[in-house]
Amino acid sequence: MTCWGKLNPVIPFTAKLLTLCLAAIALLAVTACDDRSSAEPGADHSYRIYRHAMDGAPSSLDPAQASNIYANFLAVNLYDTLYRYKYLARPYQVEPNLADGLPQVSSDGLIYTIGIKPGVHFIDDDAFPNGQGRALRAEDFVYSIKRQFDPKTRAQGTWLWQGRIVGLDEWKENGSDYQQDIPGLKALDDRTLQIQLVAPFPQLVHTLAQGYSAIVPREAVEHYGQEFAIHPVGSGPFKLQRFNSAGAVLLRNPGFRQEPFSLEAEGFDPALHGSYGLDALEGLAPPFTDRIELEFIAEDASRWNAFLAGELDFVKVPVSQFDQVLQRRDPPTLEATLAEKYHLLANLESGFVHTDFNMSDSKIGEHPDPLQNVRNRALRCAIIKAFDWPKRNEVFYYNIGQVFPGIIPPAAPEFDPQQDQSSVKRDLDGARALLAEHGWNPANLPVLEYGFPSSVTERQMFEQFRSFLGDIGYPPEKIRPLTFATYGDYAKAYLNREVMLVTTGWTMDYPDAENTMQLFYGPNASPGSNSANYQNDEFDRLYQSSSSMQSSPLRTTMYRNMNRIVIDDCATISGVSRKLILLWSRNFRMLPDRSFVGGFFFRFVHTGSPGATTVEQVP
Amino acid sequence: MATEILARRKMRISRSGLTGLVIVIFFFLLAVAVWAGWAGQNWSAADGERWASPGSTWWFGTNQLGQDIFERAVYSVRTAFEIGIVVSLLSTALGAALGAVAGWRSNTLADGTVLWLAGVLDSIPFYLFVAAVAFALQGLPWAMHVAMIATFWTATARLARAEVMKIKSREFVLSARAIGLPSWLILMRHVLPNTLHILLIQASISFVAAIKTEVILSFLGLGVQDGVSWGLMLAESTQEVLAGHFNNFLAASIMLFLLLLGFNLLSDALQDSFDPKQAAL
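Residues numbered from 1 in each chain as written. Chains lettered and ligands numbered in written order. Predicted model: local features only at pLDDT ≥ 70, side-chain atom pairs only at ≥ 80, totals over all residues. Heavy atoms only, no water.

Some thoughts on the overall build of chain B
Threshold: To qualify as a helix, a DSSP run of H or I must reach at least 4 residues; to qualify as a strand, a run of E must reach at least 2; elements of each kind are numbered from the N terminus. Whether a residue is buried, partly exposed or exposed follows from its accessible area with a 1.4 Å probe, protein chains only, as a fraction of its type maximum: under 20%, in between, or over 50%, in that order. In this analysis, two residues are considered to be in contact whenever any of their non-hydrogen atoms come within 4.5 Å of each other.
Along its length, chain B carries 11 helices and 0 strands. C-alpha extents for chain B along the principal axes are approximately 75 × 55 × 35 Å. Looking at chain B as a whole, 48% of its 281 residues qualify as buried. Across chain B, contacts joining residues at least 24 apart in sequence account for 70% of those joining residues at least 6 apart.

A word on the sheet that holds strand β18 (residues 479-484) of chain A
Residues and elements named next belong to chain A. Using the following cut-off: Strand pairing is defined by DSSP finding a minimum of two bridges between the two strands. Axis lines are fitted through C-alpha atoms, for helices just across the contact stretch, and the angle between N-to-C directions can take any value from 0 to 180 degrees.
The sheet built from 6 strands is open, its strands ordered β16-β20-β15-β19-β17-β18 with mixed pairing. For this open sheet the edge positions go to β16 (402-403) and β18, each flanked by a neighbour on one side alone. The pairing of strand β15 (residues 351-357) with strand β20 (residues 572-577) spans 4 bridges and is classified as antiparallel. Considered in β20, the bridge of Val353 is made with Val576. Strand contacts of helix α17 (residues 487-495): β17 (448-453), β18 and β19 (501-507), with the helix running at about 115° to β19, the strand carrying the most contacts.

Some details on the interface of chain A and chain B
The condition is simple: By definition, the buried area sums, over both parts, the 1.4 Å-probe accessible area that each loses when the two are put together. The term salt bridge refers to a side-chain nitrogen of Lys or Arg lying within 4 Å of a carboxyl oxygen of Asp or Glu. Think of a polar contact as two N or O atoms within 3.5 Å of one another; within protein, one of them needs to be a possible hydrogen donor and the other a possible acceptor, and neighboring residues in sequence only count if both atoms come from side chains.
Across the contact, 26 residues belong to chain A and 24 residues belong to chain B. For the pair chain A and chain B, the two sides together bury roughly 2200 Å², of which 45% comes from carbon and sulfur. Of all residues in chain A, Arg459, Gln460 and Glu463 of chain A bury the most surface against chain B, accounting for 24% of the area lost on that side. Applying the counting criterion to the chain A and chain B interface returns 2 salt bridges. Here Glu463 of chain A and Arg72 of chain B are joined by a salt bridge, their closest N and O atoms 3.1 Å apart. Where chain A touches chain B, the interface holds 13 residue pairs in polar contact (both at pLDDT 80 or more).

Considering the confidence of the model for chain A
All names here are of chain A. Rule in force here: A residue's pLDDT is the confidence the predictor assigns to it, expressed on a 0 to 100 scale.
With 91% of its residues at a pLDDT of 70 or more, chain A has an overall mean of 89. In the model, residues 26-45 has pLDDT below 50 throughout and makes 20 contacts with residues more than four positions away in sequence or in other chains. Below pLDDT 50 for its whole length, residues 610-619 participates in 23 contacts with residues either more than four positions away or in separate chains.

Observations concerning helix α10 (residues 247-274) of chain B
Since the α-helix turns once every 3.6 residues, residues separated by three or four places project in the same direction. What counts, and what does not: To estimate the expected span of a helix, subtract one from its residue number and multiply by 1.5 Å.
With 28 residues, α10 of chain B extends 40 Å from end C-alpha to end C-alpha; this agrees with the ideal 40 Å at 1.5 Å per step. Those residues of α10 of chain B that sit buried are Asn248, Ala251, Ala252, Met255, Leu256, Leu259, Leu260, Gly262, Phe263, Leu266, Ser267 and Ala269 of chain B.

A short note on helix α2 (residues 69-104) of chain B
Between its first and last C-alpha, α2 of chain B extends 51 Å over 36 residues, near the 52 Å set by a 1.5 Å rise per residue. Regarding α2 of chain B, its N-cap is Asp68 of chain B, as a side-chain oxygen of that residue lies 3.0 Å from the backbone nitrogen of Phe70 of chain B further along.

Structural notes on the side chain of Ser595 of chain A
Here Ser595 of chain A shows up in the loop between β22 (588-589) and β23 (606-607). Among all residues touching Ser595 of chain A, those that are not within four sequence positions of it are Tyr92, Asn347 and Ser350 of chain A.

Details of the environment of Arg392 of chain A
Residue and element names in this part refer to chain A. Here Arg392 is to be found in helix α14 (residues 389-397). Of the residues examined, Arg392 reaches a relative accessible area of 3% and is grouped as buried. Placed 81 residues apart in sequence, Arg392 and Gly473 show a C-alpha to C-alpha distance of 19 Å. Beyond its immediate sequence surroundings of up to four residues, Arg392 is in contact with Phe387, Tyr397, Met461, Gln464, Phe465 and Phe468.

Remarks on the nonpolar core
Across soluble globular proteins, you tend to see nonpolar side chains buried next to one another. Rules: Take the buried Ala, Val, Leu, Ile, Met, Phe, Trp, Tyr and Cys residues and link them wherever side-chain atoms come within 4.5 Å; each set so joined is a nonpolar core.
Core analysis: the biggest nonpolar cluster contains 155 residues, and Leu82, Trp161, Ile195 and Phe539 of chain A have the highest contact counts within it. Sequence-distant contacts of Leu82 of chain A, that is, excluding residues within four places in its chain, are made with Pro96, Asn97, Leu98, Ala99, Ile114, Ile116, Phe141, Leu193, Leu208 and Ile215 of chain A.

A closer look at the pairing of β20 of chain A
Residues and elements named next belong to chain A. The buried fraction of β20 amounts to 6 of the 6 residues, a majority that puts the element mostly inside the structure. With 2 bridges joining them, β16 and β20 adopt antiparallel strand pairing. Bridge pairing in β20 links Val403 to Val576.

Things to note about the side chain of Thr516 of chain A
For Thr516 of chain A, the position within the fold is in helix α18 (residues 514-517). Aside from chain neighbours lying at most four places away, what touches Thr516 of chain A is Phe352, Ile407, Ile408, Pro409, Trp506 and Met508 of chain A.

Focus: the sheet that holds strand β6 (residues 185-189) of chain A
All names here are of chain A. Reading across the sheet, the 4 strands line up as β4-β5-β7-β6 and stay open at both edges, with antiparallel pairing between neighbours. With one partner strand each, in any of the chains shown, β4 (104-105) and β6 form the two edges of the open sheet. Bridge analysis of β6 against strand β7 (residues 192-196) gives 4 bridges, and the strand direction is antiparallel. The partner of Asp189 across the bridge, within β7, is Thr192. Contacting β6 and β7, helix α4 (residues 138-148) crosses the sheet at an angle of about 170° to β6.

Some points on unusual backbone geometry
All names here are of chain A. Between Arg90 and Pro91 the backbone carries a cis peptide bond, its omega angle lying at 0°. Along the polypeptide, Pro91 turns up in the loop between β2 (83-85) and β3 (94-96). Cis geometry is adopted by the peptide bond preceding Pro287, which originates at Pro286 and carries an omega value of 0°. Turning to its location among the elements, Pro287 is positioned in the loop between α9 (270-273) and β10 (291-296). Not every positive phi belongs to a glycine, and Asn533 is a case in point at roughly 55°. Within the element layout of this structure, Asn533 appears in the loop between α18 and α19 (537-546). One non-glycine residue, Cys570, lies in positive phi territory at about 50°. Examined against the element boundaries, Cys570 turns out to sit in the loop between α20 (553-568) and β20.

So, in structure tokens, the structure goes:
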């Protein structure tokens, strides 16, 4: 400012002054760059920034509240979890993160012993004596899990371990006294943990890769109290610089453990990942980025326009833009002009959308009269036959969603690509015949109430559903919307069994079909997660047998049999796994993920080319 | 010269009023056609291609579901009239009744209560209040109507109260009281009929406000639950416009604009014709 102000009146003096200013700026820049590059192995002496857009915002940064994808993204970057998922391997595989290896499991599958890597420290913070982060100990993990069961925390991840760990539920019932030991949750020493289970729980290791299981220091929780939600103190690859409802800024944690990146260990496949430039990362120590700027932009148009304007390096493409962005849908291919600037990834969601029949409603579900029960099943099967999945996929998922039969989605390792597709094929003649055969006609068909939270897309899905059923002669006036102001109201209603047709999405918590099977397990009926209120003795028996089994061909067969049972009972109209179209600047070497890897990928984002965003000023 | 200008002005007003009347009658006939089942009955069928362009098959094109935008726009006329008629009639009736009681019993507890209630309701931002009531009652088929009636009656009540206060001291009312007619009969037979000009104008204003409010509430997801309306069409178009498809947006906007224009012209003309100053000309 001063330099430019004196430029015109006195040129010789100005020239000197300008030279002086430029020299000062250059000196500052060099100093700043040196300061940072000294901490980055293999760096090219630039300060690396990655700008990422999220379509929602976390309300808290406390891992105990990491109940949605946004909070989880931040939790796993600000804190450490014992395990994570391999960056590139698909199907997803668990990888030690803070743990020094996979757990040692006793022969009966009940005792897990886990070692912790040495030399891990929390970031420096006022919560610690002298403001210096102390070493992370096994006891911190015990404290973090106890905290999930402390009613004062109001944690949302309790369900992951409820009834699983010996003594944990009792600890909660006895007043959550942190001085009291829990027999099934022990720190054997500073670097060794032992977890004793009530019954075999093969999915335990997956729960230790969730943001909920992130390790927090007790000092920080007590020091900040309520403020802990916005003042994270962890040992993750990043630390927080700024957080508000519009965004967050994460800075590289200079004290993060130095572990060379291994392409092989992360599941690199040259055929799949070769074009992303990831091979250049071999041997470098993550995190590769100095600063991550997160923008929380819920509005599709704003997010998309910000990306096109170059204000973001990554975006989830709004569905409404698919026609403009994609040259071809199968496989998704970018328009040529966009392909020059951006990488594309069609990321299949780790879940599915399905419409369940409320089986506890005698008008459509189970009926005490066996004859009527058979008629109701025929009605449900006819509705399923009338459902036009290709049309649903075309209109709402631009034909890039993956339609599949049953309740094992493609993201689950137990998914069977060869299975019978008849339950997702439209068969209008078959549907009409089924109705006629069982004495259904427009006069005696029951009034269907299709529930949904009030939104444009949900309403359009309802209208499309009504249109599908119109094609088999179901009177439109007998298919009524049951709308709710919020999703919370809707959930409350279907958990109270008040909704006849329940459309929901389920995102798997871990890559194991057990996580979707439990949606149809009888004892989980509403208000549990079985919102179809489905009851089938054979299904329940198989679930009980398989839920404590380690992954094996036998367990996979059992899962697939259970899938068949649900399909045969016509309990749900299912399903479709959506694909997200992710775009990011070609300046970055990375492979984003919205699924199980989720926020773990931030540490692997690398500013690969000179055109990427760098700054010459200290942020 | 001045008279000539005034005469021309009056002519212009009456022409615009006539235009408004024609537009309103046109839309009313459309609504009747929908009620009678002659038009707009195929509004929910999703049997077209997604986002088909306007043409001989789909006059206004189709939306994302492949539904006929013309059918939906026409059916929405019925929705608009149903809401307009119900809300304007009931809110005007309620406002007239409460205003008449308040005016007849001015400076009493009844008057104070009505004024207090109207003051409280008027002090809440209108759209916020209507949205809150509609939200609270969501699930009830008449939630939107109740929300609007609960707010629209206040203006009518204030006007009716003032008019009744003026009329009640007129000689014919005093005569009726002198011969011992009960208050309710005087109100019904002699007072309220003399406020009809105000009520008619208020009803037309409420009609327009009800249609606009319905569009806003439906756009927000708090309005029409089973059916279609211009508000729902506009809500759908928010996603379509992003993808470069404007048919839904244009159809709903133009139809809404025309109907509101017609009603505004008509109510302005009504206001002018009932205005004593204009009548004196």
